[in-house]
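As a plain string of letters, each chain reads:
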Amino acid sequence: MLTGKQKRFLRAMGNEMEPILMVGKDEITDNMIKQAADALEARELIKGRVLQNCADAPKNIASGLAEATHSELVQVIGRNFLLYRKASEKPKIELP
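In this text the structure is predicted, and so the values were computed from the model without any measurement.

Participant: Looking at this model, I keep getting lost on the overall build of the protein. Mind explaining?
Facilitator: Along its length, the protein carries three helices and four strands. The N-to-C order of helical and strand elements in the protein reads α-β-α-β-α-β-β. Whereas a compact globule of 96 residues would reach a radius of gyration of roughly 12 Å, the protein reaches 13 Å, a difference of no more than 12%. Dimensions along the principal axes, computed over C-alpha positions, put the protein at roughly 35 × 25 × 20 Å. Taking all 96 residues of the protein together, 38% fall into the buried category. Taking as baseline every contact in the protein between residues at least 6 positions apart, the subset at least 24 positions apart corresponds to 71%. Carbon and sulfur atoms provide 48% of the accessible area of the protein, an area that totals close to 5,900 Å². Counting 15 positive and 13 negative side-chain charges, the protein places the centres of these two groups 6 Å from one another.

Participant: For this particular structure, what's the right way to read the pattern of salt bridges?
Facilitator: It is possible for side chains of opposite charge to pair when their charged atoms get near one another. Going through the model one piece at a time under the given rule, you end up with two salt bridges. In this structure, D38 and K34 form a salt bridge, with 2.9 Å as the shortest nitrogen-oxygen distance. With D38 and K34 both in helix α2 (residues 30-43) and four residues apart, this pair spans about one turn of that helix. Two residues, R85 and E41, come together in a salt bridge whose shortest N-O distance is 3.9 Å. Here E41 lies in helix α2 and R85 lies in the segment after β4 (80-84), a separation of 44 residues in the sequence. Classification of R85 as buried rests on a relative accessible area of 19%.

Participant: Before we go on, may I ask you to explain the sheet that holds strand β2 (residues 45-50) in this structure?
Facilitator: Within a sheet, adjacent strands bond to each other through the backbone by hydrogen bonds, running parallel or antiparallel. What the four strands build is an open sheet, ordered β1-β2-β4-β3; its pairing is mixed. The sheet is open, and its two borders are formed by β1 (21-23) and β3 (72-77), each paired with just one other strand. Shown here is a sheet whose adjacent strand axes are inclined to one another by a mean of 25°, direction ignored. The sheet contact formed by β3 and β4 spans five bridges and is antiparallel. The residue of β4 that forms the bridge with V76 is F81. With respect to the sheet, helix α1 (residues 4-14) is in contact with β2, β3 and β4, its orientation differing from that of β3 by roughly 55°. Contacting β1, β2, β3 and β4, helix α3 (residues 58-69) runs over the sheet at an angle of about 165° to β3.

What counts as what
Residues numbered from 1 in each chain as written. Predicted model: local features only at pLDDT ≥ 70, side-chain atom pairs only at ≥ 80, totals over all residues. Heavy atoms only, no water. Helix = DSSP H or I, 4+ residues; strand = E, 2+ residues; numbered from the N terminus. Rg over C-alpha atoms; globule rule 2.2 N^0.38 Å. Buried < 20%, exposed > 50% of the residue type's maximum accessible area, 1.4 Å probe, protein only. Contact = heavy atoms within 4.5 Å. Areas by Shrake-Rupley, 256 points an atom, 1.4 Å probe, with all protein chains shown as cover. Lys, Arg positive; Asp, Glu negative; His and termini not counted. Charge placed at Lys NZ, Arg CZ, Asp CG, Glu CD. Salt bridge = Lys/Arg side-chain N within 4 Å of Asp/Glu carboxyl O. Pairing = 2+ DSSP bridges. Axes fitted to C-alpha atoms, helices over the stretch in contact; angles between N-to-C directions.

Here it is in structure tokens:
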């Protein structure tokens, strides 16, 4: 579980990131979970976007994806969300 200070730190890092994960009308698929898990292992912090043609709410999609990838949901703003998971090998981000 992340503290408020850690979430602020990660939100500041996520401000300049471009979304690398796009969730469309298919919503969360096995392939998307694998792609997100691989990206989290490589980067630790990823930004995603829920597209307009997705029927479910962005908050539901983000929390479902966080649960499926065993990561932390840092924030949801509009249709964008941030996920964080510490890498098992060679962590890159040092939390305060």
